[in-house]
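Single-letter residue listing:
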Amino acid sequence: MRSYRRHRLLVPVLLCALAVLGARPTAAGKDPGSDTGTGTGPAAGLSAEVVRLYEEAAVATQQYEAGRKEAEDQRAEAQRAEALLDTQRQHIALLHEDLGRIARAQYRSSGGLPVAAHMILADSPEGLMRGQHAFSQADLAVNNAISKNKRAEARLAADEARAAAQWQALEKRNTQLAGLKADIEQKLETARSDLQGQADAAVAAGACRGAVRLDQPETGFTDGDWVAPVETYELSASYGSGGARWSNRHTGQDFAVPIGTPVRAVGAGRVVKVACGGPFGMEIVLKHAGGYYTQYAHLASLAVDQGEHVSPGQWIGQSGTTGNSTGPHLHFEARVTPESGSAVNPVSWLSARGVSL
């Protein structure tokens, strides 16, 4: 927001100045009845609130989507751990079966006598030692394998429990993030509705509220001097398209964006028109080098005054659905004069300046 320093004046000088201002005609180039002073009061606060909520909603959405992706990954990890546990359990069951087969085979080969009896009845000490060693080795191998797999099973069970606990914690956090996201979006929807209501009232009265100064974001345009008029969008009605909505062919490119979306100057220029009323509702026209003009229409808020110079990417207003509009969007035109009827294809015009839509 701008702030102006006021100086004390003597009463006679003040009265004289008021008299001169009262007799002064409307400035040339400005719409009759429009207020092009700096926006203050509830309107300015509402515009800033919409931008703030707009950014908070975007952050909340990113956090929610990141948390949801993390929870899905953690749930997949828990499912993989459970699958490994099942494999280990099956392996241990097979080892137990192998041990049982060994024991049964030894019993059959010994005629049902215990190992101790075979040791007593052995033909020679060497035979006794060989039999005992073979049995001990088989038994040891099976027992070692069982112990190893039980340890692996314990580790996997711990991993599964940890993954499941992390997944549950993430699900709980995501529920909280979803609630926060829904709350912000509800507040944003209310603020957008209020902003549009104020814009409709201004357009109906034919008097703009004046520039509502928005805190400009940090920008780093290093790839050129031209940008798209909005950052995130879907293209809707295109240049030259026909339909019952227009008396002639469509003269611009429409960007489907929610009410309150910051609208950017596509390039450096000067504000040559600020208007509230007519088919375009609340609109801004900029003049650029080379004799070209760009128009930004159906706005809900203005962030510049007539005569100002703007830089590429500067926020000059907020999108809306004022005037002859069927829904929230930005109507953008490129022209060779500041008035309607001189439009060129804005997509091709931007493309020639390095901006692909």
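Residues numbered from 1 in each chain as written. Predicted model: local features only at pLDDT ≥ 70, side-chain atom pairs only at ≥ 80, totals over all residues. Heavy atoms only, no water.

An unreviewed UniProt entry lists the protein under the name Murein DD-endopeptidase MepM/ murein hydrolase activator NlpD, from Streptomyces luteogriseus.

Explain the pattern of salt bridges here, please?
Pairing is possible between side chains of opposite charge, provided their charged atoms come close. Within the structure shown, the criterion is met by 14 salt bridges. Two residues, E77 and R80, come together in a salt bridge whose shortest N-O distance is 2.4 Å. Note that E77 and R80 are positioned in helix α2 (residues 42-109) at a spacing of 3 residues, about one turn of the helix. Overall, the relative accessible area of 37% leaves E77 in the partly exposed class. Given a relative accessible area of 46%, R80 falls into the partly exposed group. Linking K273 and E339 is a salt bridge whose minimum nitrogen-to-oxygen distance equals 3.9 Å. Residue K273 is found in strand β4 (residues 269-276), and its partner E339 is found in the loop between β9 (330-335) and β10 (343-344); the two are separated by 66 residues along the sequence. With a relative accessible area of 44%, E339 lands in the partly exposed category. Counted as one network, the salt bridges with shared partners bring together E49, R52 and E56. (Salt bridge = Lys/Arg side-chain N within 4 Å of Asp/Glu carboxyl O. Helix = DSSP H or I, 4+ residues; strand = E, 2+ residues; numbered from the N terminus. Buried < 20%, exposed > 50% of the residue type's maximum accessible area, 1.4 Å probe, protein only.)

Is there a simple way to explain the nonpolar core in this structure?
Grouped burial of nonpolar side chains is what soluble globular proteins tend to show. Core analysis: the biggest nonpolar cluster contains 40 residues, and M282, I284, L286, Y296, L302 and I316 have the highest contact counts within it. Elements represented by at least two residues in this core include exactly α2, α4 (125-205), β4, β5 (282-288), β6 (292-302), β9 and α5 (346-351). Tallying contributions element by element places α4 first for this core, with 7 residues. Mapping this core onto the domain boundaries places at least three of its residues in each of domain 1 (43-202) and domain 2 (234-352). (Core = buried A, V, L, I, M, F, W, Y, C linked by side-chain atoms within 4.5 Å. Domains from an automatic or database assignment.)

Help me out: how do you make sense of the environment of G291 in this one?
When you line up the elements, G291 lands in the loop between β5 and β6. A relative accessible area of 35% means that G291 is categorised as partly exposed. For the pair G291 and V336, spaced 45 residues apart in sequence, the C-alpha separation works out to 6.4 Å. With residues up to four places along the chain from it excluded, the contact list for G291 reads R335 and V336. (Contact = heavy atoms within 4.5 Å.)

Please explain the pairing of β6 as it appears in this structure.
Side-chain positions along a regular strand alternate between the two faces of the sheet. Of all 11 residues in β6, 10 are buried; the element is thus mostly enclosed. Sheet analysis places β5 next to β6, joined by 6 bridges and oriented antiparallel. Across the sheet, L286 pairs through a bridge with T294, a residue of β6. In this antiparallel pair of consecutive strands, β5 and β6, the connection spans 3 residues, and G290 shows a positive phi of 90°. When β6 meets β9, the two strands line up antiparallel, connected through 5 bridges. Within β9, the position partnered with Y293 by the bridge is R335. Inspection of the sheet shows β6 paired to strand β8 (residues 315-319) by 3 bridges, in the antiparallel sense. If you follow L302 over to β8, its bridge partner there is G317. (Pairing = 2+ DSSP bridges.)

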